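A closer look at the structure
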Amino acid sequence: MIKDGKCQRAGLLATTGSKQIGSRRAFERIKASGEIIFAISNRDWFDAGTAIRICMVGFSGKDATAKPLLDGREVTEINADLSAGWI
């Protein structure tokens, strides 16, 4: 929907395994048509007594003006593996 101009921003929750090489297709697709503008790369999540690790990702189109934030810190860009160069 972002690529078609029907939405400006979106987000998702995923397990931390999603940023590994064999599973990060969703993040690579986001980067192909837009920018990851917000990410928390590793966070505790508890559901019905089960503890898992998740990542949180916010993204927009290529014309994003927001400064990317990774784990609460401003970065130059957020990569598909949720890593970045720090400013």
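As a starting point, this report considers the structure included with it. (Residues numbered from 1 in each chain as written. Predicted model: local features only at pLDDT ≥ 70, side-chain atom pairs only at ≥ 80, totals over all residues. Heavy atoms only, no water.)

1. Brief notes about the overall build of the protein
Here is the rule we go by: Counting from the N terminus, the helices are the DSSP runs of H or I reaching at least four residues and the strands are the DSSP runs of E reaching at least two. For the radius of gyration, the atom set is restricted to C-alpha positions; the globular benchmark scales as 2.2 Å times the number of residues to the power 0.38. Burial classification: accessible surface area is computed with a 1.4 Å probe over protein chains only, and a residue below 20% of its type maximum counts as buried, one above 50% as exposed, and the rest as partly exposed. Residue contacts are counted whenever heavy atoms from the two residues lie within 4.5 Å of one another. In short, Shrake-Rupley with a 1.4 Å probe defines the accessible areas, and a residue's cover is counted only from the protein chains shown. This count recognises Lys and Arg as positive and Asp and Glu as negative, with His and chain-terminal groups excluded. The atom standing in for a charge is NZ when the residue is Lys, CZ when it is Arg, CG when it is Asp and CD when it is Glu.
The number of helices and strands found in the protein is one helix and five strands. Ordered by position from N to C terminus, the α and β elements of the protein give β-α-β-β-β-β. Against the globule reference of 12 Å for 87 residues, the protein gives a C-alpha radius of gyration of 13 Å, in line with a compact fold. Along the first, second and third principal axes, the C-alpha atoms of the protein reach 40 × 30 × 20 Å. Residues counted as buried form 34% of the 87 residues belonging to the protein. When contacts within the protein are restricted to residue pairs at least 6 apart in sequence, those whose partners lie at least 24 apart make up 56%. As displayed, the protein offers around 5,800 Å² of accessible surface, 50% of which is attributable to carbon and sulfur atoms. Counting 13 positive and 10 negative side-chain charges, the protein places the averaged centre of each group 2 Å from the other.

2. A few points about the pattern of salt bridges
In plain terms, the rule: A pairing counts as a salt bridge when a side-chain nitrogen of Lys or Arg comes within 4 Å of a carboxyl oxygen of Asp or Glu.
The full count for this structure, using the stated rule, is four salt bridges. Measuring nitrogen to oxygen at the nearest pair gives 3.1 Å for the salt bridge that ties K31 to E35. A relative accessible area of 14% means that K31 is categorised as buried. Put simply, K31 and E77 hold a salt bridge, and the shortest N to O gap is 2.7 Å. Separated by 46 residues along the polypeptide, K31 in helix 1 (residues 25–33) and E77 in the segment after strand 5 (73–74) bring together distant segments of the chain.

3. Topic: the side chain of S60
Inspection of the secondary structure puts S60 in strand 3 (residues 50–61). Note on S60: relative accessible area 4%, which makes it buried. Look past the residues within four positions of S60 in its chain and what remains in contact with it is I2, Q8, R9, G34, E35 and I37.

4. Looking at the sheet that holds strand 4 (residues 69–70)
Quick reminder of the rule: For two strands to count as paired, DSSP must find a minimum of two bridges between them.
Read from one edge to the other, the open sheet built from five strands follows the order 1-3-2-4-5, with strand pairing classed as mixed. Each edge of the open sheet carries a strand with a single partner, namely strand 1 (9–15) and strand 5. Note: strand 2 (residues 34–47) against strand 4, two bridges, orientation parallel. Its bridge partner lying in strand 4, A39 is registered against L70.

5. Quick word on helix 1
To keep it simple, the criterion reads: To be clear, the arc concerns the directions from the helix axis to the C-beta atoms.
Taken together, the buried positions of helix 1 are F27, I30 and K31. Projected onto a plane normal to the axis of helix 1, the buried residues spread over an arc of 95° and lie on a single side. Relative to its buried face, helix 1 has exposed residues pointing more than 90 degrees away, namely R25, R29 and A32. Summarising the contacts, the buried residues of helix 1 are in contact with strand 1, strand 2 and strand 3.

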